[in-house]
Amino acid sequence: LRVRVVSGSEIPLYTSGILRPVVSIDACFLEHADEEMLRAALLHERAHISAGDIVRVFVAQLFFSVNPLGHLLRPELEHWRQAREACCDGDAVAAGGEPMALAAGILHAARFDCLEVRNGAFAALCDHDDRVLKLRLMLLMNSPLRTARSLGQFVLFAVVVVALAAPHFEGFQLLSTFHYEIERLLHP
């Protein structure tokens, strides 16, 4: 896990970088965090990296930027992000993080005001909704979520890969057939 300390960040703790992810921690947040809180927070960020959340968010943002109706799905992306936060909390606890320390770190990050940027940090944590923060803490303290790979996820991934790759295999002639059918429809 690559970690760097920054100062003047609007978000107290975050991960960036697709190929070589780096966890950035604001110096002010670090100054007020104890060892267990920091360990739990780093385990949480490691869960994001292991799950590929950085790439997923990048791809989603890319698709939203080219899709003229992408703004309609933004609330769903935020719901997914909040669900991922809760799942990464569970993964951090399963990896040995202390639930109380992680909860304290989440609250510390929500109240992050070293540079009077509380609104930016709060928005990053729970999208301006304290109910989401309460739900996340309740899930963490009552029944930590542990993400698990299912057979359905693997099958879905395999189907998507085959669907994207199949047109490019000459033996299937899908592109030729598609081209022929379009020509037939346009020129009867």
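Everything that follows concerns the structure shown earlier in this document.
These remarks concern the structure in this document. (Residues numbered from 1 in each chain as written. Predicted model: local features only at pLDDT ≥ 70, side-chain atom pairs only at ≥ 80, totals over all residues. Heavy atoms only, no water.)

## Some thoughts on the pairing of strand S3 (residues 22–26)
For S3, the tally of buried residues reaches five of five residues, placing the bulk of the element in the interior. Neither face of S3 is exposed, since Val22, Ser24 and Asp26 on one face and Val23 and Ile25 on the opposite face are all buried. Bridging between strand S1 (residues 2–6) and S3 involves five bridges; their strand directions are parallel. Counterpart to valine 5 in the pairing with S3 is isoleucine 25. Bridging between strand S2 (residues 13–16) and S3 involves four bridges; their strand directions are antiparallel. Paired with threonine 15 across the strands is valine 23, a residue of S3. Hairpin connection of S2 to S3: five residues between the antiparallel strands, including glycine 17 at a positive phi of 100°. (Buried < 20%, exposed > 50% of the residue type's maximum accessible area, 1.4 Å probe, protein only. Helix = DSSP H or I, 4+ residues; strand = E, 2+ residues; numbered from the N terminus. Pairing = 2+ DSSP bridges.)

## Details of the pattern of salt bridges
Evaluation of the coordinates by the stated rule reveals seven salt bridges. Salt-bridge contacts for glutamate 85 lead to arginine 136; the nearest nitrogen and oxygen are separated by 3.3 Å. Here the residue glutamate 85 occupies a position in helix H4 (residues 74–94), and arginine 136 occupies one in helix H7 (residues 130–142), the gap between them amounting to 51 residues. Of the two residues, glutamate 85 and arginine 136, neither departs from the other in class, the shared state being buried. The closest approach of N and O atoms between aspartate 130 and lysine 134, which form a salt bridge, is 4.0 Å. Here the residue aspartate 130 and the residue lysine 134 both occupy positions in helix H7, the gap between them amounting to four residues, near one helical turn. (Salt bridge = Lys/Arg side-chain N within 4 Å of Asp/Glu carboxyl O.)

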